[in-house]
Amino acid sequence: MSREISAEEMGELTEAFQKVDVNGNGFICDSELNQLFKEARLPMPGYKIREIIQKLDRDQDNQINFDEFTSIFADLKNDQIAQSFRKVINKKEGILAIGGTSELSSEGTQHSFSHEESYAFTNWINSALEKDPDCQHVLPIDLKSDCLFTAVGDGIVLCKMINLSVPDTIDERTINKKKLTPFTTQENLNLALNSASAIGCHVVNIGAQDLKEGKPHLVLGLLWQIIKIGLFADIELSRNEALAALLREGESLEELMKLSPEELLLRWANFHLTKAGLQPISNFTSDIKDSTAYFHLLQQIAPDGSKEDVPQICVDMSGLYEKDDLRRAECMLVQADRLGCRQFVTPADVVSGNAKLNLAFVANLFNKHPSLTKPENQDWDLKSETREERTFRNWMNSLGVAPRVNHIYGDLLDAMVILQLYEKIKVPVDWQHRVNRPPYQKLGGNMKKMENCHYAVELGKSCAGFSLVGIGGQDLYEGNPTLTLALVWQLMRRYTLNVLEDLGDGDAAGDQLIVDWVNKTLSEAEKTSSINSFKDKEISTSQPVLDLIDAIQPNSVNFDLVKTGSLSDEEKLDNAKYAISMARKIGARVYALPEDLVEVNQKMVMTVFACLMGRGMKRA
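Residues numbered from 1 in each chain as written. Predicted model: local features only at pLDDT ≥ 70, side-chain atom pairs only at ≥ 80, totals over all residues. Heavy atoms only, no water.

(A) Examining the overall build of the chain more closely. Within the chain one finds 27 helices and 4 strands. For the chain, the proportion of its 620 residues judged to be buried stands at 52%. When contacts within the chain are restricted to residue pairs at least 6 apart in sequence, long-range pairs at least 24 apart make up 59% of them. By element, 48% of the accessible surface of the chain is carried by carbon and sulfur atoms, the whole surface being about 28,900 Å². (Helix = DSSP H or I, 4+ residues; strand = E, 2+ residues; numbered from the N terminus. Buried < 20%, exposed > 50% of the residue type's maximum accessible area, 1.4 Å probe, protein only. Contact = heavy atoms within 4.5 Å. Areas by Shrake-Rupley, 256 points an atom, 1.4 Å probe, with all protein chains shown as cover.)

This is how it looks when you write it as structure tokens:
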């Protein structure tokens with residue numbers, strides 16, 4: 001019988017799995033494993049790769065999911081195949097091993113970080129924040145050293161990068177910028193981590209102290225998530241209708257909308273390569289190593305002079321004839337630089353097929369030169385993601401669900417994410433007997449997904465005690481917006497309340513308990529504000545929220561910045577932005593948006609006060 005996996009081991013396993021799963025789809029396939037061995041300069045014949053896959057693949061779907069990866073962990077130590085698997089993870093070329101330092105890691109555990117990633121992210125930060133006056137004390141960061149890990153230690157750079165990826169996430173007034181002390185630095189790091197979580201970063205195993213100490217693997221992991229969210233922000237149909245040009249014959253707009261940003265980028269690259277008369281590529285790793293695809297992609301997207309104030313750029317294709325792969329890649333990057341896009345990859349990253357950095361390189365190309373035109377004579381009603389949908393999606397992603405949720409309805413229709421969320425709220429899931437796992441066979445695959453959805457609704461009713469009247473498995477499978485969100489909201493609400501129950505004596509937490517605590521805390525701090533419910537109109541001014549923050553952490557709020565009296569909607573929003581950022585700054589993991597306070601969105605308001613109550617109970 002397998003032994004229990006400790007928290008320390010789980011942290012290591014998660015890190016190792018993500019290192020191999022280069023496309024981030026939640027599975028390890030033979031090509032990913034084969035690529036990893038090649039990059040580690042330990043090439044292995046195909047039959048050996050298949051042998052490893054078969055050894056770990058318990059459901060015989062020819063790929064390894066995380067559950068399979070962890071379930072065989074007890075057998076790893078004395079198994080020769082598994083030992084070679086662990087060995088290659090730690091010997092990957094370009095990876096430097098360091099002593100483990102995360103909160104959940106045991107002393108002496110070996111973690112690793114990539115110098116290539118460090119170089120790429122440093123270069124991106126230097127460029128992005130070059131003119132920011134608040135970052136001049138650390139910029140430019142030396143590309144050839146490990147200065148990046150100390151540069152993020154005061155939290156300012158991280159806060160700035162978060163705002164670049166998702167503008168206005170952090171109210172600049174809440175960032176401590178001058179005469180920093182250990183306490184004000186801690187506040188900045190709290191603000192950065194809780195804000196990163198609010199935009200969908202998975203930061204569960206990262207603490208402020210980890211960042212203050214500049215632990216490389218954790219710093220790079222967080223930076224990659226922040227940068228990636230910014231790079232992918234506009235690779236979505238509702239925000240960039242020109243992506244409709246990528247529709248294939250017979251494909252519906254709904255099907256295109258369900259593609260992940262990674263899939264859309266590959267579709268975009270192949271759209272231009274096809275126009276150039278080239279065969280499509282299947283990845284941004286092995287298929288781009290010779291730079292041929294990149295050369296032709298650059299030629300296709302280069303400005304042609306048809307737009308006013310955008311001069312024509314003719315890409316020099318002569319570098320294609322360089323015989324050496326590295327020199328050819330350098331020639332390609334010289335042309336990319338002429339388009340303002342020499343970011344993320346070096347010639348060596350191209351030739352080695354570094355998946356993460358090449359993905360970032362292509363995303364940057366798309367953002368600067370998409371070269372797409374929305375099809376004419378099409379009457380589409382493309383609805384943008386609502387604030388509620390975005391909040392729920394970011395909450396799910398911050399918990400580390402796999403695969404990552406990009407399109408909230410399309411990515412939930414097999415219920416796999418919902419079932420993972422049940423485990424987050426302590427509702428046991430019978431993964432072995434009741435859950436059908438991907439990949440689903442074409443024949444009967446839809447039925448398997450539907451069975452998962454029925455099980456998800458059954459769990460909500462029988463085990464979680466949710467109110468799911470009129471909601472069936474088919475509603476989840478069909479992506480019914482109202483009914484899907486009704487279930488997701490109850491999952492989020494239970495998750496929030498569970499935190500309070502864990503901090504308290506295990507008593508059930510509810511709305512009235514939170515309201516009573518808020519008013520008691522405000523009264524004891526001699527504040528004049530109070531609330532009678534989460535629908536109280538006074539909440540629209542954010543005064544009760546700011547007073548509560550100041551009661552929890554005295555003298556933290558600068559009330560000179562708070563608008564009072566008869567407020568306009570703009571002034572209310574200004575207060576709300578300050579309140580949400582201040583809540584995160586004192587350590588409350590708030591997912592709600594400023595608009596939720598201004599509009600007194602009852603559901604989101606509840607989560608704000610619940611998170612603040614959790615922070616206040618920790619103080620006590």
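On we go.
(B) Seen up close, the pattern of salt bridges. Tallying each qualifying case throughout the model produces 27 salt bridges. Among the salt bridges present, the one from lysine 177 reaches aspartate 134, with a minimum N-O distance of 3.0 Å. Here aspartate 134 lies in the loop between helix 6 (115-128) and helix 7 (148-151) and lysine 177 lies in the loop between helix 8 (156-165) and helix 9 (182-198), a separation of 43 residues in the sequence. Put simply, arginine 267 and glutamate 251 hold a salt bridge, and the shortest N to O gap is 3.0 Å. Of this pair, arginine 267 sits in helix 13 (residues 261-275) while glutamate 251 sits in the loop between helix 11 (216-232) and helix 12 (253-257), and the two are 16 residues apart along the sequence. (Salt bridge = Lys/Arg side-chain N within 4 Å of Asp/Glu carboxyl O.)

(C) Spatial organisation of the nonpolar core. By size, the foremost hydrophobic cluster in this structure holds 91 residues, and its most contacted members are Leu222, Leu265, Trp268 and Phe361. For this core, the element with the highest residue contribution is helix 11, accounting for 11 residues. (Core = buried A, V, L, I, M, F, W, Y, C linked by side-chain atoms within 4.5 Å.)

(D) Focus on the environment of serine 352. Along the chain, serine 352 falls in helix 16 (residues 347-352). A relative accessible area of 30% places serine 352 in the partly exposed class. For the pair formed by serine 352 and aspartate 325, sequence separation is 27 residues and the distance between their alpha carbons is 10.0 Å. Within polar-contact distance, the side chain of serine 352 engages the backbone oxygen of aspartate 349 at 3.4 Å. (Polar contact = N/O pair within 3.5 Å; in protein donor to acceptor, adjacent residues only side chain to side chain.)

(E) Local environment of the packing of aromatic side chains. Counting across every chain of the model gives 8 aromatic pairs. Centroid distance phenylalanine 121 to tryptophan 224: 6.0 Å. Interplanar angle 5°. Geometry classified as stacked. In this pair, phenylalanine 121 is assigned in helix 6 and tryptophan 224 in helix 11, connecting sequence segments 103 residues apart. Taking the relative accessible area as the measure of exposure, phenylalanine 121 reaches 0% and is therefore buried. A centroid spacing of 6.2 Å and a plane angle of 25° characterise the contact between tyrosine 422 and phenylalanine 466, whose relative ring orientation is stacked. Remark: phenylalanine 466 occurs in the loop between helix 20 (445-462) and helix 21 (473-477) and tyrosine 422 occurs in helix 19 (residues 416-424); sequence separation between them is 44 residues. Comparing tyrosine 422 with phenylalanine 466, the two get one shared label, buried. (Phe/Tyr/Trp six-rings, centres within 6.5 Å; stacked < 30°, edge-to-face > 60°.)

(F) Fine view of helix 18 (residues 387-398). The terminal C-alpha atoms of helix 18 lie 16 Å apart, and with 12 residues this matches the ideal 16 Å at 1.5 Å per residue to within 8%. In terms of residue burial, helix 18 counts as a mostly covered element, since 9 of its 12 residues are buried. Among the residues making up helix 18, those that are buried are Glu389, Thr391, Phe392, Arg393, Asn394, Trp395, Met396, Asn397 and Ser398. Positive backbone phi, approximately 80°, marks glycine 400, located one or two places after helix 18. (Expected span 1.5 Å × (residues − 1).)

(G) Local environment of the confidence of the model for the chain. Of the residues in the chain, 82% reach a pLDDT of 70 or more, and the chain-wide mean stands at 87. In this model residues 91-95 is a low-confidence stretch, pLDDT under 50, and it forms 16 contacts with partners more than four residues away in sequence or in other chains. Taken together, the stretch residues 97-109 has pLDDT below 50 and engages in 34 contacts with residues farther than four places along the chain or on a different chain. (pLDDT = per-residue confidence, 0-100.)

(H) Looking closely at the side chain of asparagine 126. Following the sequence through the fold, asparagine 126 ends up in helix 6. Within polar-contact distance, the side chain of asparagine 126 engages the backbone nitrogen of isoleucine 141 at 2.8 Å. Beyond its immediate stretch of four places on either side in the chain, asparagine 126 contacts Leu139, Pro140, Ile141 and Leu143.

(I) Geometry of the packing of helix 13 against helix 17 (residues 355-368). At a minimum axis separation of 10 Å, helix 13 and helix 17 run at an interaxial angle of 65°. By the criterion of interaxial angle, the relationship of helix 13 to helix 17 is roughly perpendicular. In this structure, the crossing between helix 13 and helix 17 has a hand that is left-handed. Contacts between helix 13 and helix 17 involve Glu262, Leu265 and Trp268 on the former and, on the latter, Leu359, Val362, Ala363, Leu365 and Phe366. (Axes fitted to C-alpha atoms, helices over the stretch in contact; angles between N-to-C directions. Parallel < 35°, antiparallel > 145°, perpendicular 65-115°, else oblique. Left-handed = near helix turned anticlockwise from the far one by under 90°.)

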